[in-house]
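Coordinate inspection notes
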Amino acid sequence: MQEEVENRAVTLVISATKLTGRLLKAAILKYLASRKEKRLQKARAAPEKPTGKQTVKQLIGQNQGVSNIEINDPSIRDFERIARKYGVLMIEEATSNFNPALYGEIARRVETPLATGERFHTRWGFEQLLKQGAISVIQPDITNCGGLSEAKKICDLAHIYDVRVQCHVAGTPIAEAAAIQLEAAIPNFYIHETYHMAAHPDCVSYGKYAYVPENGYLTVPDLPGLGQELSDKAMAESLGHIEVR
C-alpha cells in the first residue's frame with residue numbers, strides 16, 4: 001500500500017455519515033484490490049507470450065527479431081548445425097570475456113570460426129586468447145584496448161598466430177576513421193565493421209567528413225592524421241563555459 005501511495009495520487013470518494021480511520025483504511029484496501037483485479041483481467045486478456053525453446057521463425061513471428069542467441073553446453077551442437085547450414089561467418093563472443101579459457105572448449109566442439117575481443121585490454125589480455133589457438137578473428141576496440149599504438153601491437157601479435165583482425169567500431173566518426181587507418185596498415189585485416197548508428201544523422205554530424213561503404217567497400221582517408229576532425233557542432237557541444245564572479 002505504501003508503494004501505491006508514493007507512486008500514484010488518487011481521489012477516493014467515500015460515502016459515509018462519519019469518516020473514521022478504520023473506514024478510510026477499508027476504502028484504500030478496497031481500491032487497491034480493485035486495481036489488482038483490473039491488472040489480472042488485463043493480463044488474462046493479453047495474448048500468451050511464448051517462453052522456453054523457440055525457433056528463429058517463431059521469434060520473427062512475434063516481431064521479436066534476433067540479435068543475440070545464448071549458446072550453452074546442450075545447444076552448442078544444434079547451433080553449429082544451423083550456422084553451417086546458413087553460412088554464418090563467425091560466432092562472436094560465444095562466452096564471457098572473464099573466462100577466456102572456455103574458448104578452447106568451444107572451439108573443440110564447433111567448426112564455425114570464433115571471434116571476440118571488444119572487451120579485452122592490452123596485448124597481455126589478448127595473449128590469453130591467442131595462445132589457445134581457438135580464435136580465428138580478434139575484434140579489438142581501439143578506445144578500449146589501450147589506444148591506437150597498443151591496438152597496432154595487438155594486431156601484430158595476432159599476425160604471429162595467423163589470426164585475422166576486425167576492429168570493433170561502435171563510436172563516433174573519429175573512432176570509425178581510426179579503425180579504417182589501422183586496418184589499412186596491417187597484413188591480417190579481415191573485414192571492417194560498420195555500426196548501424198554510424199549512419200545516424202546525430203552521429204554523422206560530429207565529424208567533418210562522412211565515410212560510408214559504397215558497394216561493400218570503404219575508401220581509406222588520405223587527409224592528414226586520421227582523416228577526420230570533430231565538426232564545429234561537436235566542439236560547441238563539448239565546450240564548457242564557466243563564469244567566475
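Below you will find a few notes about this structure. (Residues numbered from 1 in each chain as written. Predicted model: local features only at pLDDT ≥ 70, side-chain atom pairs only at ≥ 80, totals over all residues. Heavy atoms only, no water.)

**As for the overall build of the protein**
What the protein contains, in helices and strands, is 11 helices and four strands. Taken over 245 residues, the protein has a buried fraction of 27%. Partitioning the intrachain contacts of the protein with sequence separation of at least 6 by distance along the chain shows that 56% fall at a separation of at least 24. Of the roughly 17300 Å² of accessible surface on the protein, a fraction of 54% belongs to carbon and sulfur atoms. (Helix = DSSP H or I, 4+ residues; strand = E, 2+ residues; numbered from the N terminus. Buried < 20%, exposed > 50% of the residue type's maximum accessible area, 1.4 Å probe, protein only. Contact = heavy atoms within 4.5 Å. Areas by Shrake-Rupley, 256 points an atom, 1.4 Å probe, with all protein chains shown as cover.)

**Observations regarding the packing of aromatic side chains**
What characterises a pair of aromatic rings is the spacing of the ring centres plus the angle enclosed by the ring planes. Evaluation of the coordinates by the stated rule reveals one aromatic pair. A centroid spacing of 5.9 Å and a plane angle of 50° characterise the contact between F120 and F126, whose relative ring orientation is tilted. Each member of the pair F120 and F126 is classed as buried. The ring of Y190 carries R164 above its face, with NZ or CZ at 4.0 Å from the centroid. Over the ring of Y206 we find K233, and its NZ or CZ is 5.5 Å from the ring centre. (Phe/Tyr/Trp six-rings, centres within 6.5 Å; stacked < 30°, edge-to-face > 60°. Lys NZ or Arg CZ within 6 Å of the ring centre and 35° of its normal.)

**Here we look at the packing of helix α6 (residues 122–130) against helix α8 (residues 148–160)**
Where α6 meets α8, the axes come as close as 9 Å, and the angle between the chain directions of the two elements is 25°. Between α6 and α8, the interaxial angle falls into the category roughly parallel. Judged by the twist between their axes, the crossing of α6 over α8 is right-handed. Along the contact surface, α6 presents T122, R123, W124, F126, E127 and L130, while α8 presents E150, K153, I154, L157 and A158. Its residues placed into classes, the contact of α6 with α8 shows six nonpolar, one polar and four charged. (Axes fitted to C-alpha atoms, helices over the stretch in contact; angles between N-to-C directions. Parallel < 35°, antiparallel > 145°, perpendicular 65-115°, else oblique. Left-handed = near helix turned anticlockwise from the far one by under 90°. Nonpolar A, V, L, I, M, F, W, Y, C, P; charged D, E, K, R; others polar.)

**A look at the pattern of salt bridges**
In the structure shown here, the tally under the stated rule is eight salt bridges. Across the salt bridge formed by E105 and R109, the nearest N and O atoms sit 2.9 Å from each other. With a relative accessible area of 26%, R109 lands in the partly exposed category. (Salt bridge = Lys/Arg side-chain N within 4 Å of Asp/Glu carboxyl O.)

**Some thoughts on the sheet that holds strand β3 (residues 137–138)**
Strand order in the open sheet formed by four strands is β1-β2-β3-β4, with parallel pairing between adjacent strands. Each edge of the open sheet is held by one strand with a lone partner, namely β1 (91–92) and β4 (164–165). Summarising the sheet, strand β2 (residues 114–116) and β3 pair through two bridges and their orientation is parallel. The partner of T116 across the bridge, within β3, is I138. (Pairing = 2+ DSSP bridges.)

**Points about the side chain of Q228**
Note on placement: Q228 falls in the loop between α10 (201–204) and α11 (232–238). Here Q228 falls in the buried class, since its relative accessible area comes to 8%. Within the structure, the side chain of Q228 is placed 3.1 Å from the backbone nitrogen of K208, a separation counted as a polar contact. Reaching out from Q228, the side chain makes a polar contact with the backbone oxygen of Y209 at a distance of 2.6 Å. Excluding anything up to four places from it in sequence, Q228 contacts P173, I174, A177, G207, K208, Y209 and Y211. (Polar contact = N/O pair within 3.5 Å; in protein donor to acceptor, adjacent residues only side chain to side chain.)

**Some details on α6**
Buried within α6 we find G125, F126, L129 and L130. On an axial view of α6, the arc spanned by its buried residues comes to 135°, and they lie on one face. Where α6 is buried, its residues touch α5 (102–107), β2, β3, α7 (142–145) and α8. (Arc of directions from axis to C-beta.)

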